[in-house]
Amino acid sequence: MAQLTQSEQKRLVGTYAVNELVKEGLIFDGAKVGLGTGSTALPAVERLAHFIINGQLKDIKVVTTSFQTTIACENLGISVYSMNSKEIQGQLDIAIDGADEISPEKNLIKGGGAALLLEKIVAYNAKRFIVVADESKIVDSLGTKFPLPVEVIPEARFAVIRRLEELGAHCTLREAVKKCGPVITDNGNIILDILWDNPVKPEILEDTIKSITGVVEVGFFTKNKPQVFVAHGDGSVTKIE
Ligand code: 5RP
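What counts, and at which threshold
- Residues numbered from 1 in each chain as written.
- Predicted model: local features only at pLDDT ≥ 70, side-chain atom pairs only at ≥ 80, totals over all residues.
- Heavy atoms only, no water.
- Axes fitted to C-alpha atoms, helices over the stretch in contact; angles between N-to-C directions.
- Helix = DSSP H or I, 4+ residues; strand = E, 2+ residues; numbered from the N terminus.
- Parallel < 35°, antiparallel > 145°, perpendicular 65-115°, else oblique.
- Left-handed = near helix turned anticlockwise from the far one by under 90°.
- Contact = heavy atoms within 4.5 Å.
- Pairing = 2+ DSSP bridges.

Asker: Residue-level account of the packing of helix 1 (residues 6-23) against helix 2 (residues 41-53), with values.
Answerer: Between helix 1 and helix 2, the shortest axis-to-axis distance is 7 Å and the interhelical angle comes to 40 degrees. Taken together, helix 1 and helix 2 sit at an angle that is classed as oblique. The hand of the helix 1/helix 2 crossing is right-handed. On helix 2, the residues that touch Lys-10, Arg-11, Gly-14, Thr-15, Val-18, Asn-19 and Val-22 of helix 1 are Pro-43, Ala-44, Glu-46, Arg-47, Leu-48 and Phe-51.

Set out below in structure tokens:
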């Protein structure tokens, strides 16, 4: 049987997860839903829009994690709220997002799309956090393959790089495509992509890196363990509880 491509797996898992969450009553009428960023999260956004538009879900209030997802919602006709909206009060029932890497402990690297700050605000303030991923995202350890994104205040670039190098990291300033110079995040900051020679401890480093002055956010997500839906090349989807 033909294997699904990575992009087919992404579409499958985004759609499947929302179907399941609606079926299980975890996305319900009136739910406050955080919507992630990237090519796996977007099919989930589209599927949720389908349920809203055909009236199967009523009074859903969504909060987005990036300009990309806000624009997708606008195009799909879904109203977008802020975490500070009166209706949201800084807390969500559920958040759905992609990931760049997922370890056996369900620690994540996120921020491949430079949206880690809002993604973490949403994920860490959701009662239930759902990750959707194709099978390539499942790894044995973090820190040596997919570079960890760190969002940094531009003025602190050198100072933060020096501190990260003291932690054994190799740092690369993320360059923009179709724009000269660095990627500027939705919040006006830069991204350092960092790698280590050997696997690291994400639970410790999330706090250590976050405490460096000038760091706005770090792409290790270790504190609100997600339920993970994974699509496989054979067309199946498995769940890691
Ligand atoms: C964006 C993210 C994305 O969730 C992550 O990069 C995965 O993206 P994709 O689903 O396109 O592979 O963290 O900041």
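Asker: Could you give me a rundown of the sheet that holds strand 4 (residues 92-97), with the residues and numbers involved?
Answerer: The 7 strands are arranged 3-2-1-4-7-13-14 in an open sheet whose pairing can be described as mixed. Two strands close off the open sheet at either side, each with one partner strand: strand 3 (80-81) and strand 14 (237-240). The pairing of strand 1 (residues 32-35) with strand 4 spans 3 bridges and is parallel. Looking across to strand 4, one finds that Gly-34 is bridged to Ala-95. Contacting strand 1, strand 2 (61-64), strand 4 and strand 7 (126-134), helix 2 runs over the sheet at an angle of about 150 degrees to strand 1.

Asker: Describe the environment of Cys-73, with residues and values.
Answerer: Tracing the sequence through the fold places Cys-73 in helix 3 (residues 67-76). The spatial distance from the C-alpha of Cys-73 to the C-alpha of Phe-158 is 37 Å, given a sequence separation of 85 residues. Among all residues touching Cys-73, those that are not within four sequence positions of it are Leu-35, Val-45, Val-62, Thr-64, Ile-78 and Val-80.

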